[in-house]
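The primary structure of each chain is shown beneath.
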Amino acid sequence: MKRSLGVCYYPEHWPEAVWAEDAARMAEAGLTWVRIGEFAWSRMEPEPGRFEFDWLDRAIETLGAAGLKVVLGTPTATPPRWVLDRHPDMLALDADGHPRGFGSRRHYCFSHPGYREECAKIVTSLGERYGRNPHVAAWQIDNEYGCHNTTLSYSASALAGFRDWLAQKYQSPQALNRAWGNVFWSMEYTSFDQIGLPNLTVTEPNPAQVMDFRRFASDEVAAFNRVQVEVLRRFTDAPLIHNYMGGETGFDHFNLGADLDVASWDSYPLGSLSDHLTTDATHRHRFLRQGDPDMQAFHHDLYRAVGRGRWWVMEQQPGPVNWAAWNPAPLPGMARLWAWEAFAHGAETVSYFRWRQAPFAQEQMHAGLLRPDSAPAPALAEAAQVARELAEMEDLGEVGCAPGEVALVYDYASAWAWKTQPQGRDFEYFPLMLDVYRGLRRLGFNIDIVPPTTRDLSGYRMVLAPGLATLPDDLRTALAGFDGIAILGPRSNCKTAEFAIPVPLPPALPGLDCTVARVESLPPVSVVPLDGGGVFRHWREELEGTADVLMRAVDGVPALMATGGVWYLGGWPDQIALDRVLRRASTAAGLTAEDLPDGLRRRDTVTHRIWLNYSPETICYGDVEVPGCGVVFEPRPGAMPAGTPDTKERK
Ligand code: GAL
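Position numbers for residues count from 1 along each chain, tracking the sequence in the order it is written. Totals for whole chains, interfaces and linings use all residues, but because this is a predicted model, local features are given only for residues with pLDDT of at least 70 and pairs of side-chain atoms are given and counted only at 80 or more. To get the side-chain values, all heavy atoms of the structure are used, and hydrogens and water are removed first.

A word on the overall build of the protein chain
Each helix is a run of DSSP H or I of at least 4 residues and each strand a run of E of at least 2, with the numbering of both proceeding from the N terminus. What the protein chain contains, in helices and strands, is 19 helices and 24 strands. Taking 651 residues into account, the globule formula puts the C-alpha radius of gyration at 26 Å, and the protein chain, at 25 Å, falls close to it. In terms of its C-alpha atoms, the protein chain occupies a principal-axis envelope of roughly 75 × 70 × 40 Å. Sorting the 651 residues of the protein chain into buried and exposed places 60% on the buried side. Throughout, the radius of gyration refers to the C-alpha atoms, and the reference size of a globule is 2.2 Å times the residue count to the power 0.38. Accessible area is worked out with a 1.4 Å probe on protein chains only. A residue is then buried under 20% of its type maximum, exposed over 50%, and partly exposed in between.

If you want it as structure tokens, here you go:
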């Protein structure tokens, strides 16, 4: 598979007279793919059943004639006004019961049957017309499911769907009452029709109900997507893709991704540093124009797993975005570095968003590869440089990333569990996972993110499953046969499938006599210092039992307990404490841990070791010297056949 670059383009935004020149310039820059169409429903079907595809025919032909391959988007993230007029109840309702109205995008409820039918119709028309078009080489379904907080809807359609889903799951109201513990506060039901959605209650709703509602909502996103998959499979053999988001945990991406051929995600390193990461001010300042050194890599590893090895970056930030609290410009070199980080992690394609900055509407302040006056914006030259490098470095252009030594279990249901019952305001799954990932990456490891359904851990030396609310049976079996170091906790295996506290008490891991006797959550300034350095913050557990105590808090309570290769960590460690845990575990697992300087990261491909420097200064580490915002390619130790030319240092 040849690695390639692409760009997102909106022919409907520009006079037809410029399409050919745009296409020629894309090809000249070395781009291979162009994604179009995903918001153009009002131009494809201006009125119900009146299709206008001539313009799209010409756009695809023009792009194809320039040698570009088209990713055709289905436009279902932006239903035009007439769709709403036909289905006034298709809007999602927020938790306060307010409709999420027309005038931007994603104004639909996943559960609305009429809207699903409208989607099937437009996608059928697109499939019939372009399914065998030689230039349409991939499809994107919808756009960023869950974006703008749209997974959960409290509409009448959602209520009907939820009742049906519950009836199928529990078969009888009595079984549901038992599973949810509805004897508490006299919440028992005698019929599924009595059950409401978990909003507008006087105080918090039953967490078991909330969890089921989140599971239902996740299934609805997958079911909505499946409607389009089934239509498109009738007309095309081209890969079907969705562009997921960073930090989005509202639905189970592994589940939805199983219906698709390739996973992709939209990477906005500066926007996400500004908006999503709860890191300290110094860190934000240091990486303001480069992005967090681990955020992109984390998602690359995640979406490689969601795509079962096949994944893209569908949208890559090229310059300042418009949507974050503050929108700085990237430092020179970063639009190139971000692309190489993706290729280092096995991306097939990196596609910049967008070709030309639009001078109108919501995203007029969002940079593109071209300015609104069509002059090149700074990222264009960097994209062209990456394209040249890909062409020159044949082997890097062909092969994927090396398998990881370390696996990190990532579970969407655990993200829902800790949203449903955080117990401390700042206990969230995603930041916990990113912290652990960061700690591992600082040590220089190649990391694979794996789903909780994983059955085979045999390739790994170390496996971590922090915050995994419920340990699935398959993973329990895989861990039992695992001969490396497995670290669970904090808050792992502490809920039953029904969202109750299990007895025997957690973590209840085979062969490990360790019990979580009590838990506490901690406000931001309060920490639990550990003997030997580092602290627990946000969350600490008091552990007891006869397993070996590897670390203690200064108050004497065990903080890390182990028997053989099964370890349990009783708190949310800061980076110092985490570093201690991970170094000790690495040694026990027979792995060599590095000590990468702040900002320097690396990832191995099958053939190369790629160094990426997120800091503005040159970093020397061992015998490698990596320029600020630069990338260095080395042969991967032990992987290159003798005599292979060294492709070092290309900044
Ligand atoms: C993405 C979205 C694009 C565009 C972009 C701006 O979330 O998929 O359509 O809005 O953000 O950064």
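Focus on the domain arrangement of the protein chain
Bear in mind that the domain bounds are from an automatic or database domain assignment. Taken domain by domain, the protein chain comprises domain 1 (4-152 + 219-397), domain 2 (159-208) and domain 3 (406-589). For domain 1 and domain 2, the distance between their C-alpha centroids amounts to 38 Å.

Looking at the packing of helix H1 (residues 19-28) against helix H3 (residues 54-65)
With axes taken as lines fitted to C-alpha atoms, and helix axes fitted only over the stretch in contact, angles between N-to-C directions fall between 0 and 180 degrees. Where H1 meets H3, the axes come as close as 9 Å, and the angle between the chain directions of the two elements is 35°. Of the two elements, H1 crosses H3, and the hand of that crossing is right-handed. Here Trp19, Ala20, Ala23 and Met26 of H1 come into contact with H3, specifically with Trp55, Arg58, Ala59, Thr62 and Leu63. Broken down by class, the residue content of the contact of H1 with H3 amounts to seven nonpolar, one polar and one charged. Helix crossings are classified by the rotation of the near helix relative to the far one: an anticlockwise turn of less than a right angle makes the crossing left-handed, while a clockwise turn makes it right-handed. Residue contacts are defined here by distance: any two heavy atoms, one from each residue, within 4.5 Å place the two residues in contact. The classification used treats Ala, Val, Leu, Ile, Met, Phe, Trp, Tyr, Cys and Pro as nonpolar, Asp, Glu, Lys and Arg as charged, and all other residues, Gly among them, as polar.

Digging into the side chain of Asp448
Along the polypeptide, Asp448 turns up in strand S10 (residues 447-450). Judged by its relative accessible area of 11%, Asp448 falls in the buried class. Residue contacts for Asp448: discarding those within four places in its chain leaves Arg304, Pro403, Gly404, Val406, Ala407, Leu408, Tyr460 and Arg603.

Overview of the side chain of Arg603
Relative to the helices and strands, Arg603 resides in strand S20 (residues 600-604). By the criterion applied in these results, polar contacts are pairs of N or O atoms within 3.5 Å in which, for protein atoms, one can donate a hydrogen and the other can accept it, and in which residues neighboring in sequence qualify only through two side-chain atoms. A polar atom in the side chain of Arg603 sits 3.2 Å from the backbone oxygen of Ile447.

Comments concerning the pairing of strand S1 (residues 4-8)
Summarising burial for S1: five of the five residues are buried, a large majority. Only strands joined by at least two bridges in the DSSP assignment are considered to pair. Across three bridges, the pairing between S1 and strand S2 (residues 33-36) is parallel. The partner of Val7 across the bridge, within S2, is Val34. In this fold, S1 hands off to H1, which returns the chain to S2; that crossover is right-handed. Here a crossover is taken to be right-handed if, once the strands point away from the viewer, the path from the first strand over the helix to the second is traced clockwise.

Concerning helix H5 (residues 113-130)
For H5, which comprises 18 residues, the first-to-last C-alpha distance of 25 Å matches the rise-based estimate of 26 Å (1.5 Å per residue) to within 8%. Among the 18 residues that make up H5, 13 are buried, leaving the element largely enclosed by the rest of the structure. To estimate how far a helix should reach, multiply one less than its number of residues by 1.5 Å.

A short note on the site of the ligand
Around the ligand lies a shell formed by Phe39, Arg105, Asn143, Glu144, Asp266, Tyr268, Glu315, Trp323, Phe353, Glu363 and His366. Between Asn143 and the ligand, the recorded distance is 2.9 Å, taken from a side-chain N or O atom to an oxygen atom. Within the side chain of Trp323, an N or O atom sits 2.7 Å from an oxygen atom of the ligand. Protein burial of the ligand: of its 310 Å² of free accessible surface, 96% is covered by the chains. A class-by-class count of the residues in the shell around the ligand yields four nonpolar, two polar and five charged. Note on definitions. A residue lies near a molecule or strand when any single heavy atom of the residue is within 4 Å of it. For accessible areas, the Shrake-Rupley method is used with a probe of radius 1.4 Å. Any residue's cover is judged against the shown protein chains and nothing else.

Examining the packing of helix H13 (residues 334-344) against helix H14 (residues 378-392)
Put simply, H13 and H14 touch, their axes get as near as 8 Å, and they point 40° apart. For H13 against H14, the interelement crossing comes out right-handed. Between H13 and H14, the residues in contact are Met334, Ala335, Arg336, Ala339, Trp340 and Phe343 and Ala379, Glu382, Gln385, Val386, Glu389 and Leu390, respectively.

Focus on unusual backbone geometry
For residues besides glycine, phi is generally negative; the peptide bonds are generally trans as well. Here the bond from Phe353 into Arg354 is cis, since omega is 5°, no more than 30 degrees from zero. Position of Arg354 among the secondary structure elements: in the loop between strand S8 (349-352) and H14. The peptide bond linking Pro506 to Pro507 adopts the cis configuration, its omega dihedral lying at 0°. For Pro507, the position within the fold is in the loop between strand S12 (485-488) and strand S13 (515-521).

Focus: the nonpolar core
To form a nonpolar core, buried Ala, Val, Leu, Ile, Met, Phe, Trp, Tyr and Cys residues must be joined to one another through side-chain atoms within 4.5 Å. In terms of nonpolar packing, the biggest core is built from 166 residues, with Leu56, Trp180, Phe298, Trp340 and Tyr410 touching the most fellow members. When residues in this core are grouped by element, the largest group, eleven residues, is from helix H8 (residues 207-235). Non-local contacts of Trp340, meaning those with residues more than four positions away in its chain, are made with Val386, Glu389, Leu390, Met393, Leu396, Ile610, Leu612, Val631 and Phe633. Judged by nonpolar contacts, the second largest core, of 23 residues, contains Val409, Ala465, Leu475 and Ala486.

What to know about the packing of aromatic side chains
Classification of ring pairs rests on two measures: the distance between centres of Phe, Tyr or Trp rings, Trp counted by its six-membered ring, which must be within 6.5 Å, and the angle between planes, read as stacked under 30 degrees, edge-to-face over 60 and tilted in between. For the coordinates displayed, the defined rule picks out 41 aromatic pairs. Here Phe162 and Phe216 contribute two aromatic rings whose centre-to-centre distance is 5.5 Å and whose plane-to-plane angle is 50°, an arrangement assigned as tilted. Placement of Phe162 in helix H6 (residues 156-170) and of Phe216 in helix H8 is noted, with a sequence separation of 54 residues between them. Comparing Phe162 with Phe216, the two get one shared label, buried. Judged by centre distance (5.6 Å) and plane angle (70°), the ring pair of Phe298 and Tyr410 falls under edge-to-face.

Looking at the pattern of salt bridges
A pair is scored as a salt bridge if a Lys or Arg side-chain nitrogen falls within 4 Å of a carboxyl oxygen belonging to Asp or Glu. All chains considered together, the criterion is met by 44 salt bridges. When the shortest N-O distance is used, the salt bridge between Asp142 and Arg106 registers 2.8 Å. Residue Asp142 is found in the loop between strand S4 (136-140) and H6, and its partner Arg106 is found in the loop between helix H4 (81-86) and H5; the two are separated by 36 residues along the sequence. The same class applies to Asp142 and to Arg106, which are both buried.

A word on the sheet that holds strand S24 (residues 631-635)
As summarised here, the arrangement of the three strands in space is S20-S21-S24, forming an open sheet in which the pairing is antiparallel. Two strands bound the open sheet, and with one partner strand each, they are S20 and S24. When the angles between neighbouring strand axes are averaged without regard to direction, this sheet yields 20°. In this structure, S20 lies alongside strand S21 (residues 608-613), joined through five bridges in antiparallel fashion. From the neighbouring strand, Asp604 faces S21, where its bridge partner is Arg609. Packed on one face of the sheet, H13 meets S20, S21 and S24 and runs near 145° to S21.

Considering a nonpolar patch on the surface
Without a salt bridge and with relative accessible area above 30%, a residue can belong to a patch; like charges are then joined within 9 Å and nonpolar side chains (Val, Leu, Ile, Met, Phe, Trp, Tyr) within 5 Å. There is a patch of nonpolar side chains on the surface, built from Val183, Phe184 and Trp185 and spanning about 400 Å² of accessible area. Following the sequence through the fold, Val183 ends up in the loop between helix H7 (173-180) and H8.

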